[in-house]
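# Notes for the structure review
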Amino acid sequence: MSAAPQSRAADHPAVPDDVNALDPKVWPDGADRNEHGVLRLGGIDVTDLRDRFGTPLYVLDEDDVRAHARRTLAAFRAASDEHGVQARVYYAGKAFLSTEVVRWVTEEGLAVDVCTGGELAIALAAGADPSRLGFHGNNKSVAELERAVEVGIGSIVIDSWIELERLAAIVERRDTEQAVLVRVNSGVHAETHDFLATAHEDQKFGFTLQDAAAAVARIRELDGLFFVGLHCHIGSQIFGTAGFRESAARVVELHAELLEGGDIPVLNLGGGFGIAYRPEDDPTPIEELASGIADAVAQECAVRGIPIPNLAFEPGRAIVGQAGVTLYEVGTTKSVQVDESLTRLYVSVDGGMSDNARPALYGAQYTARLASRTSDAAPALVRVVGKHCESGDIVVDAEHLPGDVAPGDLLAVPATGAYCFSLSSNYNYVPRPPVVALRGGEARVIVRGETVDDLLARDAGLTPPAQEGN
């Protein structure tokens, strides 16, 4: 695929009725403007946030994260209760992870899903109960598996034959037992970008439906591994239930076959539930998703005359995505004549692909608003771009902003709570921004930003100060 963002209709989205409006589908709950037109998040003017913390700045509304966690947990519990089974909801830590966020979601009743030793360390440092952690990943090292078993992790999702034997050797050596799930590729390609779909066969995750049964048979031969269920994840940023329903049908068929070898208490159907990044996006409400998926599993089990297993899910973006906003300062603007009928205003900000790689990675689309003021100027078609040496360094591909947007203005990009900090980098030696959490009208740093001194401190070619002159 090209690194350039996917085109929008005629590369020219419809002019909004009000370029100052904040659509509640994409902004955190309670986002508004003060009497001077300044954007407020969590009751705090973004100009005050800029003055205190600088830009670029990741802003995360704690109350919004907690509210999404509660709503999601309630939705899946209610949907499962309808069929007489239990639901466990794991927060998918890869979306955004810090010790504070782990505390928020666990306090709201969620378990946590980690994918690496680093994520495991963050969850443990936050005080998460190891028995309520799940461990994913297609290439878990021996050291990572050793640590997971050592702390008593709740479950490990086995992704390959090598990992199966690797884990078996560890638990045998430790004379212990470990609960495991087997990741299955259902063959369902979700209605999402190719790089986000994870259940078609030609990719790195999990076992095919044909191989999964043999993997489970091998696990059941081993004293130290306890098979608790199948796991399937069909992709990310998914709207609608059609893909989940088809995947459930295929996985439940395998689940039914495996019941001949013993009880299987859990079926984990992953996450990937989409959110609105732009006003025209229309994600399925989480209650409808939960009900549709649980109903699909129940129907497939009824057809086969088998009991419904307890269900597990792993939302990440749906919990933290809408709660995040990134603030930038405009540095330069440049008008470009695209063709005879189209002029585009390039608005360059002080961040870019180093703090939000998603547009460059897979054409993700965002919206933006002037945040330090409102304006009655005529709307201009803009492309918000970063400061990096890449033509694909685009933050917002196509948007309308007031035509008088100028250097020094603050821009805000909503729905950046998921996968922006997680994918951040030091490209062009740009320090990563801090993450600030808002609650009760107060702002606090939950992840410190980097400085140029931090970047230099890692450069082993520099002479340490203590050795100068030697």
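Each remark here, short or long, concerns the structure printed above.
Residues numbered from 1 in each chain as written. Predicted model: local features only at pLDDT ≥ 70, side-chain atom pairs only at ≥ 80, totals over all residues. Heavy atoms only, no water.

### Quick word on the pattern of salt bridges
Counted by the stated rule, this structure contains 29 salt bridges. A salt bridge links Glu100 to Arg103; its shortest N-O distance comes to 2.9 Å. Placement of both Glu100 and Arg103 in helix α3 (residues 99-107) is noted, with a separation of 3 residues, approximately one turn of the helix. Across the salt bridge formed by Glu246 and Arg250, the nearest N and O atoms sit 2.8 Å from each other. (Salt bridge = Lys/Arg side-chain N within 4 Å of Asp/Glu carboxyl O. Helix = DSSP H or I, 4+ residues; strand = E, 2+ residues; numbered from the N terminus.)

### Re the environment of Glu146
Summarising the element assignment, Glu146 is placed in helix α5 (residues 142-151). A relative accessible area of 17% means that Glu146 is categorised as buried. Each C-alpha atom, one on Glu146 and one on Ala111, is 21 Å from the other, the two residues being 35 residues apart in sequence. Aside from chain neighbours lying at most four places away, what touches Glu146 is Ile170, Arg173 and Arg174. (Buried < 20%, exposed > 50% of the residue type's maximum accessible area, 1.4 Å probe, protein only. Contact = heavy atoms within 4.5 Å.)

### Some remarks on the nonpolar core
Membership of the largest hydrophobic core comes to 109 residues, with the highest contact counts inside it found for Tyr91, Phe96, Leu225 and Leu230. With 8 residues, the top contributor of residues to this core is helix α9 (residues 286-304). Other than its neighbours up to four places away in sequence, Leu225 contacts Ile158, Leu164, Leu167, Ala168, Val171, Gln178, Val180 and Ile219. Membership of the second largest hydrophobic core comes to 21 residues, among which are Trp27, Leu41, Val59 and Ala443. (Core = buried A, V, L, I, M, F, W, Y, C linked by side-chain atoms within 4.5 Å.)

### Brief notes about the pairing of strand β20 (residues 435-439)
Burial analysis of β20 places 4 of its 5 residues in the buried class, which makes it a mostly covered element. Two strands pair when backbone bridges link them, and strand β4 (residues 57-61) and β20 are joined in this way by 4 bridges, in the parallel orientation. Along β20, the bridge assignment pairs Val59 with Val436. Here β20 pairs with strand β21 (residues 442-447) via 5 bridges, running antiparallel. Residue Val435 lies in a different strand from β21, and its bridge partner there is Val447. Turn length for the β20-β21 hairpin, with the two strands adjacent in sequence and antiparallel, is 2 residues, and the turn residue Gly440 shows positive phi of about 60°. (Pairing = 2+ DSSP bridges.)

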